[in-house]
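Descriptive structure summary
Read off the chains here:
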Protein chains: 2
Amino acid sequence: MAVRTRQPLTQRKVLAAGVALADADGLAAVTMRGLAGKLGVEAMSLYHHLPGKDALLDGLVETVVGEIGAEVATLEPAADWREDVRRRCLAARTVMLRHPWAPGLIGSRSAVPPAAYLHFETILATMVRGGLSYHLGHRALHALGSMALGFVQEVFSPDPTEGGVDPELAEEQLAEMASLVPHLAAMAEAELHGLDDPTLGWCDSQAEFEFTLDLLLGGLERARADEARTATAQGRARRSSGARR
Amino acid sequence: MAVRTRQPLTQRKVLAAGVALADADGLAAVTMRGLAGKLGVEAMSLYHHLPGKDALLDGLVETVVGEIGAEVATLEPAADWREDVRRRCLAARTVMLRHPWAPGLIGSRSAVPPAAYLHFETILATMVRGGLSYHLGHRALHALGSMALGFVQEVFSPDPTEGGVDPELAEEQLAEMASLVPHLAAMAEAELHGLDDPTLGWCDSQAEFEFTLDLLLGGLERARADEARTATAQGRARRSSGARR
DNA sequence: ACCTGAACACCGTTCAAGT
DNA sequence: ACCTGAACACCGTTCAAGT
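Residue indices follow the written sequence of each chain, beginning from 1 at its first position. Each chain gets a letter, beginning with A, and each ligand a number, beginning with 1, in the order they are written. Totals for whole chains, interfaces and linings use every residue, but because this is a predicted model, local features are given only for residues with pLDDT of at least 70 and side-chain atom pairs only at 80 or more, for both listing and counting.

**Examining the overall build of chain A**
Helix numbers and strand numbers start at the N terminus; a helix is a DSSP run of H or I with at least 4 residues, a strand a run of E with at least 2. Helix and strand counts for chain A stand at 10 helices and 0 strands. Reading chain A from its N terminus to its C terminus gives the helix and strand order α-α-α-α-α-α-α-α-α-α. At a minimum sequence separation of 6, the contacts of chain A that also span at least 24 residues come to 67%. Contact between residues is assigned whenever the C-beta positions, reconstructed from backbone atoms, fall within 7 Å.

**Some remarks on the relation of the copies chain B and chain A**
When chain B is brought onto chain A, the operation consists of a screw motion whose angular component is 180° and whose axial shift is 0.1 Å, with 0.1 Å RMSD remaining. One copy is carried onto the other by what is essentially a two-fold rotation axis. A symmetric contact is evident, with 100% of the interface residues of chain B recurring at the interface of chain A. To line up the copies, we fit them by least squares on C-alpha atoms, keeping just the residues with pLDDT of at least 70 in both.

**So, the packing of helix H3 (residues 53-73) of chain B against helix H6 (residues 114-129) of chain B**
Residues and elements named next belong to chain B. Orientation is described by lines fitted to C-alpha atoms, with helices fitted over the stretch in contact, and by angles between N-to-C directions that extend from 0 to 180 degrees. Where H3 contacts H6, the axes come no closer than 8 Å and their chain directions differ by 25°. By the angle class used here, H3 and H6 are roughly parallel. For the pair H3 and H6, the sense of crossing is left-handed. Between H3 and H6, the contacting residues are Glu-62, Val-65, Gly-66, Ile-68 and Gly-69 on the first element and Pro-114, Ala-115, Ala-116, Leu-118 and His-119 on the second. Gly counts as polar in this scheme, as do all residues outside two lists: the nonpolar Ala, Val, Leu, Ile, Met, Phe, Trp, Tyr, Cys and Pro, and the charged Asp, Glu, Lys and Arg. Tallied by class, the residues present in the contact of H3 with H6 amount to 6 nonpolar, 3 polar and 1 charged. In these notes the angle categories are as follows: under 35 degrees is roughly parallel, over 145 is roughly antiparallel, 65 to 115 is roughly perpendicular, and the rest is oblique. Less than a right angle of anticlockwise turn of the near helix away from the far helix marks a crossing as left-handed, whereas a clockwise turn marks it as right-handed.

**Quick notes on helix H1 (residues 11-25) of chain B**
Residue and element names in this part refer to chain B. Helix span, as expected, comes to 1.5 Å for every residue beyond the first. With 15 residues, H1 ought to run about 21 Å at 1.5 Å a step, and its terminal C-alpha atoms sit 21 Å apart, in line with that. When H1 is considered as a whole, its buried residues turn out to be Val-14, Leu-15, Gly-18, Val-19, Leu-21 and Ala-22. Considered in projection along H1, the buried side chains sweep an arc of 165° and stay on one side of the axis. The exposed set on the far side of H1, more than 90 degrees from its buried face, consists of Arg-12 and Ala-24. Where H1 is buried, its residues touch helix H2 (32-38) and H3. Just past H1, the residue Gly-26 takes up positive phi, approximately 90°. Exposure criterion: with C-beta atoms placed from backbone coordinates, a residue whose C-beta has 20 or more other C-beta atoms within 10 Å is buried, one with 12 or fewer is exposed, and one in between is partly exposed. Directions from the helix axis toward the C-beta atoms define the arc.

**Points about the confidence of the model for chain A**
All names here are of chain A. The predicted model of chain A has a mean per-residue pLDDT of 79, with 77% of residues at 70 or higher. What pLDDT reports is the predictor's confidence in each residue, on a scale of 0 through 100. pLDDT under 50 marks residues 1-5. Its contacts with residues more than four places away, or in other chains, come to 7 contacts. pLDDT under 50 marks residues 155-165. Its contacts with residues more than four places away, or in other chains, come to 22 contacts.

**Considering the protein's contact with DNA strand C**
Near residues are defined by distance alone, with the backbone-placed C-beta atom required to lie within 6 Å of the molecule or strand. Surveying the vicinity of DNA strand C reveals 17 residues, the closest of which are A:Thr31, A:Gly52, A:Lys53, B:Glu42 and B:Met44. Classifying every residue of the surface near DNA strand C gives 8 nonpolar, 5 polar and 4 charged.

**What about the protein's contact with DNA strand D?**
Around DNA strand D, a shell composed of 17 residues is seen, among which A:Glu42, A:Met44, B:Thr31, B:Gly52 and B:Lys53 lie nearest. Elements supplying a minimum of two residues to the surface near DNA strand D: H2 and H3 of chain B. Broken down by element, the residue count for the surface near DNA strand D peaks at 3 residues, all from H2(B). Grouping the constituent residues of the surface near DNA strand D by class yields 8 nonpolar, 5 polar and 4 charged.

**Re the environment of B:Ala125**
The residue B:Ala125 is located in helix H6 in this model. A sequence separation of 20 residues divides B:Ala125 from B:Gly145, and the C-alpha atoms of the two residues are 16 Å apart.

**Looking at the interface of chain B and chain A**
Across the boundary between the two partners, chain B contributes 45 residues, which contact 45 residues of chain A. Only helix H5 (102-108), H6, helix H7 (134-144), helix H9 (182-193) and helix H10 (205-241) of chain B provide two or more residues apiece to the side of chain B that touches chain A. Of the residues contributing to the side of chain B that touches chain A, the split by class is 25 nonpolar, 16 polar and 4 charged.

**Some remarks on the environment of B:Ala22**
Residues and elements named next belong to chain B. Mapped onto the elements of the fold, Ala-22 is located in helix H1. Each C-alpha atom of the pair Ala-22 and Asp-84 lies 31 Å from the other, and the pair is 62 residues apart in sequence. Ignoring anything within four residues of it in the chain, the contact list for Ala-22 reads Leu-27, Val-30, Leu-60 and Trp-101.

**Examining helix H4 (residues 81-98) of chain A**
Each turn of an α-helix holds 3.6 residues, which means side chains three or four residues apart point in the same direction. Compared with an ideal rise of 1.5 Å per residue, which puts 18 residues at 26 Å, H4(A) spans 27 Å between its outermost C-alpha atoms and is within 8% of the ideal. All buried positions along H4(A) are accounted for by A:Trp81, A:Asp84, A:Val85, A:Arg88, A:Cys89, A:Ala91, A:Ala92, A:Arg93, A:Val95 and A:Met96.

**Some remarks on the environment of B:Glu71**
Residues and elements named next belong to chain B. Topologically, Glu-71 is positioned in helix H3. With 40 residues separating them in the primary sequence, Glu-71 and Ala-111 have C-alpha atoms 23 Å apart. Those residues within four positions of Glu-71 in sequence are excluded, and the remaining contacts are Ala-91, Thr-94 and Val-95.

**Here's the deal with the packing of H1(B) against H3(B)**
Residues and elements named next belong to chain B. Viewed as axis vectors pointing N to C, H1 and H3 meet at an angle of 85°, and their least axial separation amounts to 9 Å. When the axes of H1 and H3 are compared, the pair comes out roughly perpendicular. Two secondary-structure elements touch here, H1 through Leu-15, Gly-18, Val-19 and Ala-22 and H3 through Leu-56, Gly-59, Leu-60, Thr-63 and Val-64. For the contact of H1 with H3, the class distribution of residues is 6 nonpolar, 3 polar and no charged.

What follows is the structure in structure tokens.
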């Protein structure tokens, strides 16, 4: 299955093959030897295009974050800053859904992918244009956190029982949960019964993502309005008292 | 430096040594051979107390999450549900600050640490007692996400230049940033000038954490009030129209 | 029961050598 | 310049053997 090309290898081709390999077989399958094999080449050849494994992983992150740029470029601008930021985050999310290994990799790396700075920049610019101060914009970037890159730190893991819930197994687990964690069990049951198609699983992660996003944006908009009101009130007070500097 | 004990090894001791080793030398230093060496034993001895490396890593997570339970147990209950949840998240955060490798490890594992369920349970119970429906409680757990375990997905990485910012280097970086990402640069500068002690770094991660937390909690409280108002209005409408079921 | 030593199949990486 | 083969120091893990 090795792709044999007579064209010489390039860093781009190595990284593209790395992303494809991670998509297909998971990040653990991306070894120097394994990736080289996919490219019809020996492991040591990769060192002519990348300094080592660490650079390869950084390159994979950079490639994926770069895809966000392409995705965001297709967006139409929105009048409201919140709608604009919302669309950017959702665009990033569509990219991450194509590369489910990427959030974990990004989280485990210490360095910020350089391409991410450009993405944050456009988001901050949108917010400043929308009336947020740089201080609030700073806090907003922290608050949005990884959502700007299209993922949340999933505490409830991506379902290992992919593609559906075994109703019988779910029943068993519910029974077991009921005694240990009654509120969680009640919640799970309440949510299960409200679903049209229980085989899809009872956590609609897309809906959760959007709910959280709207929650944060709503809160930031209120903070923004407060800030504007306070500034106006202070300005009025300063003017009416005739204070100078 | 190997700790030689004549007492036989136990799983608890192995895990405690693993946590200590990760605290001291990082997660990468936790290898079967390395950990065994710290315990004054051969690598293969560990297999008598743990099935393998994967179980070791799961055990490390479980140990750390277990510490959250101990920390939460010292809390005094708060009247307001938001204050209560807030204290629980901050307690979890103090545990994670002791084990900076833990969030990355938790994020990279697919399974939810069993001890975390108990933690989520008490948080959900607090919220339900505070008036949230199970549905909203479900969404709240998702929204709080990893904050319930005391960390956020840090996009701006934990500062590698630990313990302060070199002002000269910072100036250089600012100059470089200014052309590429002007809004970010302006923000960084605005934040730097407002600081009492710039050597502490210009991102107060504790303040950011609390701001984000309060933002989410404030939004959830509004959603809670909306939900309560809607339910009351629906009830009133149903009663006044004499509708039954 | 608990621990050991040798061995196996992998990994990232160095180095000298090929064309 | 790009690629190779052998080798090195590691890793998790199996197995047969010790007490």
